[in-house]
Amino acid sequence: MQGRAPRLWRRARRRWVAGVLSAVTVALSVAATAPADADPLPTRSAVAAYVDHIDKIDDRRWDMSVYSPSMGRVIPLQVIRPADPSVPRPTLYLLNGAGGGEDGANWLNQTDILDFLADKNANVVIPAAGMFSYYTDWVNDDPVIGRNKWTTFLTRELPPVIDSALGTDAINAIAGLSMAATSVLDLAIEAPGLYQGVASYSGCAQTSDPLGQAYVRSVVEMMGETDARNMWGPYDGPGWREHDPLLNAERLRGLSLYIANGNGLPGPHENPALPRTPQAPPLPDQIVIGGAIEAATNVCAHRLSERLHELNIPATFDFRNTGTHSWGYWQDDLRESWALLSTALGLPV
């Protein structure tokens with residue numbers, strides 16, 4: 001999977017933008033009635049996931065591998081331990097974007113997260129897999145990316161394993177960017193009570209209207225070269241509505257919510273004098289392509305703001321007056337949302 005990632009990104013980036021931007025011109029008309037609540041998740045007591053092995057890079061940085069019975073494979077996790085692990089601490093599940101971290105574009109490589117968390121008392125768990133999966137349960141196995149049961153893994157199998165292995169206090173929050181900015185909202189809806197806080201950076205909450213479907217298909221089909229019908233069933237079918245956080249926004253009530261998005265215009269992180277990581281796109285691509293993608297997700301973020309306002313659901317929105325779809329801004333988003341996440345996790349701000 002890792003070997004094909006750079007090729008897929010180079011081939012698909014411009015096609016992705018074209019698909020997303022064509023959908024921005026579609027009127028944002030979404031049915032106002034949400035589907036009936038899904039059946040409650042099964043209890044997690046019967047989960048048979050287990051720690052396969054742990055590599056302790058140092059006292060704070062662990063690489064953990066956890067077997068997922070639903071996917072039949074071991075899932076790699078990057079773990080950052082609390083500054084003071086002498087008492088049970090809460091956990092932030094932090095998701096990567098479309099590449100799932102498999103392409104090298106991940107929180108550890110692209111941000112200063114280790115320095116930022118140096119004095120923070122939370123466990124941070126980052127899945128290092130999930131490319132083009134939307135971190136959801138797929139209805140069919142896919143010939144390209146295999147079996148994906150990410151909702152099952154992240155909400156039922158993994159938390160009790162993490163709680164046991166890390167000695168947590170079982171208080172959780174979740175955050176994610178780009179593709180995963182949609183996923184974290186859907187996961188919170190699918191697993192009521194599991195997370196106390198949710199932070200979504202530069203994502204498109206809607207999945208079932210023309211704009212939302214175009215965005216999802218641009219990731220899954222254009223970039224991933226897979227069939228999105230293997231994910232949620234037929235286009236415009238019930239699966240796409242069941243996983244639409246905009247339609248199901250009522251089920252976000254009671255969560256601490258943080259939503260951030262730029263408007264696509266170049267900002268401080270497009271300064272050519274700044275150092276760039278090997279995984280970063282060329283600066284012109286970041287400005288043009290990253291700007292176009294962020295402009296598209298900005299439309300989605302404003303629609304979510306309107307929907308939550310209609311429902312009188314409190315949420316913190318950070319609509320930046322600049323910013324492309326790129327890691328410098330997501331690093332800023334994590335920092336800006338930390339006060340909300342800390343409070344949700346029961347930590348001092």
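Please refer to the structure higher up on the page.
The numbering scheme is per chain: residues are counted from 1 as the chain's sequence reads. Per-residue local features are limited, in this predicted model, to residues with pLDDT of at least 70; the limit for side-chain atom pairs, both in listing and counting, is 80 or more; totals at the level of whole chains, interfaces and linings are taken over all residues. Side-chain figures throughout are based on the complete set of non-hydrogen atoms in the structure, without hydrogens or water.

Trainee: How would you sum up the sheet that holds strand β8 (residues 256–261)? Please name residues and give values.
Mentor: DSSP calls a pair of strands paired once it identifies at least 2 bridges connecting them. Secondary structure follows DSSP: runs of H or I at least 4 residues long count as helices, runs of E at least 2 residues long count as strands, and numbering of each begins at the N terminus. Strand order in the open sheet made by the 9 strands is β1-β2-β3-β5-β4-β6-β7-β8-β9, with mixed pairing throughout. Each edge of the open sheet is held by one strand with a lone partner, namely β1 (50–56) and β9 (316–319). Recorded for the sheet is a direction-independent mean angle of 20° between the axes of neighbouring strands. Two elements, strand β4 (residues 91–95) and strand β5 (residues 123–127), share 3 bridges in a ladder whose sense is parallel. Within β5, the residue paired with T91 across the bridge is N123. Contacts from helix α4 (residues 150–166) reach β1, β2 (61–68), β3 (73–80), β4, β5 and β6 (172–177) within the one sheet, and its direction differs from that of β2 by about 130°. Helix axes are fitted only over the stretch in contact, all axes being lines through C-alpha atoms; the angle between N-to-C directions runs from 0 to 180 degrees. Working rule for contacts: check all heavy atoms of both residues, and any pair within 4.5 Å makes them a contact.

Trainee: Summarise the nonpolar core; cite the residues concerned and give the values.
Mentor: A general tendency of soluble globular proteins is for nonpolar side chains to be buried together. Grouped together as the largest cluster of nonpolar side chains are 63 residues, with contacts concentrated most on L77 and L158. What we call a nonpolar core is a set of buried Ala, Val, Leu, Ile, Met, Phe, Trp, Tyr and Cys residues that are connected through their side-chain atoms within 4.5 Å. Relative accessibility under 20% of the residue-type maximum defines a buried residue, over 50% an exposed one, and the middle range a partly exposed one, all with a 1.4 Å probe and only protein chains included. Judged by nonpolar contacts, the second largest core, of 27 residues, contains I80, A105, F116 and L177.

Trainee: Could you give an account of the packing of aromatic side chains, naming the residues involved and the relevant values?
Mentor: Ring pairs shown here join Phe, Tyr and Trp side chains whose ring centres sit within 6.5 Å, with only the six-membered ring taken for Trp; geometry is labelled stacked below 30 degrees between planes, edge-to-face above 60, and tilted in between. By the definition in use, this model includes 12 aromatic pairs. Relative to F153, the ring of W150 lies with its centre 5.9 Å away and its plane at 85°, an arrangement referred to as edge-to-face. On the criterion of helical spacing, the pair formed by W150 and F153 is a turn pair, its members being 3 residues apart in helix α4. Owing to a relative accessible area of 0%, W150 belongs among the buried residues under this scheme. Their ring planes at 20° and their centres at 5.4 Å tell us that F317 and F319 sit as a pair that is stacked. Residue classification places F317 among the partly exposed residues on the basis of a relative accessible area of 22%. Given a relative accessible area of 30%, F319 falls into the partly exposed group. Charge-over-ring contacts are defined here by two conditions on Lys NZ or Arg CZ: a distance within 6 Å of the ring centre and an angle within 35 degrees of the ring normal. Across from the ring centre of Y235, 3.8 Å away, lies the NZ or CZ of R217, which sits over that ring.

Trainee: Please give an account of the state of the cysteines that cites residues and values.
Mentor: For the purposes of this analysis, a disulfide is any pair of cysteine sulfur atoms at a distance within 2.5 Å. Per the counting criterion, the structure on display carries 1 disulfide. Through a disulfide, C204 is tied to C300; the S-S separation comes to 2.1 Å. In this structure the cystine formed by C204 and C300 twists about its S-S bond by roughly -70°; its chirality is therefore left-handed. With C204 in the loop between β7 (197–201) and α6 (210–223) and C300 in helix α9 (residues 283–311), the pair connects residues that are 96 residues apart, well separated along the chain. The residues C204 and C300 share a single accessibility class, namely buried.

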